[in-house]
Amino acid sequence: LVALAAGHITLNFQLALGIFINFTFWSLLWFKILLTSPNIYSVRVPTTILHDWIHISIPDCSNGLKIKKERVVTSISELSSIRGGQMMLALRVMTNACNMIVLVAIQQDLQHRGSMLLRFQSREDFVPIFMVITMVGFFMTGHFELNTTDATHVTGHYIGVLCIMVGTLVIGFVLNWNALAITLIALEYGLCVFWMWYCASIEMRSDDIAVVTRRSKICIGIELLMFWMTNFIVTTTVYASGRNEGNIWVSPFV
């Protein structure tokens, strides 16, 4: 769709549309999971490192799946850490595709303003910096797994999530901290706080699988809404940056 529209729409709109469609297809997988899964509970694939082989973690088939039907799943990242699962592949494809698009947006923003990365002469110079931080966050959350058994992966994943949260402040710089920018940031951070509060307030274990499933779906649903706000922020940032100079109402057509 984006390729067919090329030549009829501006580069800003093409990049923004690419990010929006890419994220939408990823989120459709999670909507399907939430709506059609009979039960959601904790499942893990144990990993190990062979000391006389390449020093990377691989699935430990000797231990089989770790199935805990009494344990609540609190996040998308937890399910995306299952080795070999479609959720892991989908997250890595989505984050890398977004990064390629954001990289082009950074380049066209710098070229339009005749600036360079790490040059701080105006408010607009912070836009590519925070876009880079967002890129780092996307890469690290997609590459590092929240598998709770590998400290490097867990630390890298949390750093990635933090970078995404910090990076989305870019909308404030590109829109000059107007009402829309502040509203989007407030909604994203508000959903993040609500998600953390809800996860901390519920019992993480229950012998009733229906309770486990309901709580898991609520946790995942709240986090999915939070990432939809991230999608709106990144999409709006890419469209309003560069030649559009912070104006989201510029015509998308050539």
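Asker: Describe the packing of helix α2 (residues 11–36) against helix α9 (residues 209–240), naming the residues involved and giving the relevant values.
Answerer: Here α2 crosses α9 at 175°, and the two axes come no closer than 9 Å. Our classification of the angle between α2 and α9 gives roughly antiparallel. Residues of the contact of α2 with α9, tallied by class, amount to 18 nonpolar, six polar and one charged.

Asker: Lay out the environment of F25 with the relevant residues and their values.
Answerer: Within the fold, F25 resides in helix α2. The exposure class of F25 is exposed, given its relative accessible area of 58%. Once the C-alpha coordinates of F25 and M94 are considered, the two residues, 69 residues apart in sequence, prove to be 8.7 Å apart.

Asker: So what's going on with the side chain of R83? Residues and values would help.
Answerer: You can see R83 is positioned in the loop between α3 (76–80) and α4 (86–113). One polar contact links R83 to E145, side chain to side chain, over a distance of 2.7 Å. Not counting residues within four places of it along the chain, the set of residues in contact with R83 comprises V45, T47, S57, I58, P59, M88, E145 and H153.

Asker: I'd like to hear about the pattern of salt bridges, residue by residue, with values.
Answerer: Tallied over the full model, the rule gives eight salt bridges. Note that R71 is salt-bridged to E78, the shortest N-O span being 2.9 Å. Residues joined by salt bridges that share partners form a network here, namely R44, R71 and E78.

Asker: Quick one: what's the story with the environment of Q14, residue by residue and with numbers?
Answerer: Tracing the sequence through the fold places Q14 in helix α2. Along the chain, Q14 and R83 lie 69 residues apart, while their C-alpha atoms are 33 Å from each other.

Asker: So what's going on with unusual backbone geometry? Which residues, and what values?
Answerer: Positive phi values are uncommon outside glycine, yet L118 reaches one of about 70°. By relative accessible area, which is 62% here, L118 ends up exposed. Here the phi dihedral of E245 falls at roughly 50°; this positive angle occurs in a residue that is not glycine.

Asker: Kindly report on the environment of T213, identifying the contributing residues and their values.
Answerer: By the element assignment, T213 lies in helix α9. The spacing of T213 and E70 is 143 residues in sequence and 9.4 Å in space, taken between C-alpha atoms. Not counting the four nearest positions on each side in its chain, T213 is found in contact with P38, N39 and I40.

Asker: How would you sum up the packing of aromatic side chains? Please name residues and give values.
Answerer: Under the criterion given, the structure shown has 13 aromatic pairs. Both rings, one in F20 and one in F232, keep their centres 6.5 Å apart while their planes meet at 25°; by these two values the pair is stacked. Here the residue F20 occupies a position in helix α2, and F232 occupies one in helix α9, the gap between them amounting to 212 residues. Judged by its relative accessible area of 35%, F232 falls in the partly exposed class. Taken together, F20, F23, W26, W30, F227, W228 and F232 form an aromatic cluster joined through their ring pairs.

Asker: Talk me through helix α6 (residues 151–167); I want residue IDs and the actual numbers.
Answerer: Taking 1.5 Å per residue as the helical rise, α6 with its 17 residues ought to reach 24 Å, and the 24 Å between its terminal C-alpha atoms agrees with that figure. Of all the residues in α6, the buried ones are H153, V154, G156, H157, G160, C163, I164, M165 and G167. Its buried side turned inward, α6 meets α3, α5 (126–143), α7 (170–174), α8 (179–201) and α9.

Calculation notes
- Residues numbered from 1 in each chain as written.
- Predicted model: local features only at pLDDT ≥ 70, side-chain atom pairs only at ≥ 80, totals over all residues.
- Heavy atoms only, no water.
- Axes fitted to C-alpha atoms, helices over the stretch in contact; angles between N-to-C directions.
- Helix = DSSP H or I, 4+ residues; strand = E, 2+ residues; numbered from the N terminus.
- Parallel < 35°, antiparallel > 145°, perpendicular 65-115°, else oblique.
- Nonpolar A, V, L, I, M, F, W, Y, C, P; charged D, E, K, R; others polar.
- Buried < 20%, exposed > 50% of the residue type's maximum accessible area, 1.4 Å probe, protein only.
- Polar contact = N/O pair within 3.5 Å; in protein donor to acceptor, adjacent residues only side chain to side chain.
- Contact = heavy atoms within 4.5 Å.
- Salt bridge = Lys/Arg side-chain N within 4 Å of Asp/Glu carboxyl O.
- Phe/Tyr/Trp six-rings, centres within 6.5 Å; stacked < 30°, edge-to-face > 60°.
- Expected span 1.5 Å × (residues − 1).

Everything listed is a geometric property; what it means functionally is a separate question.
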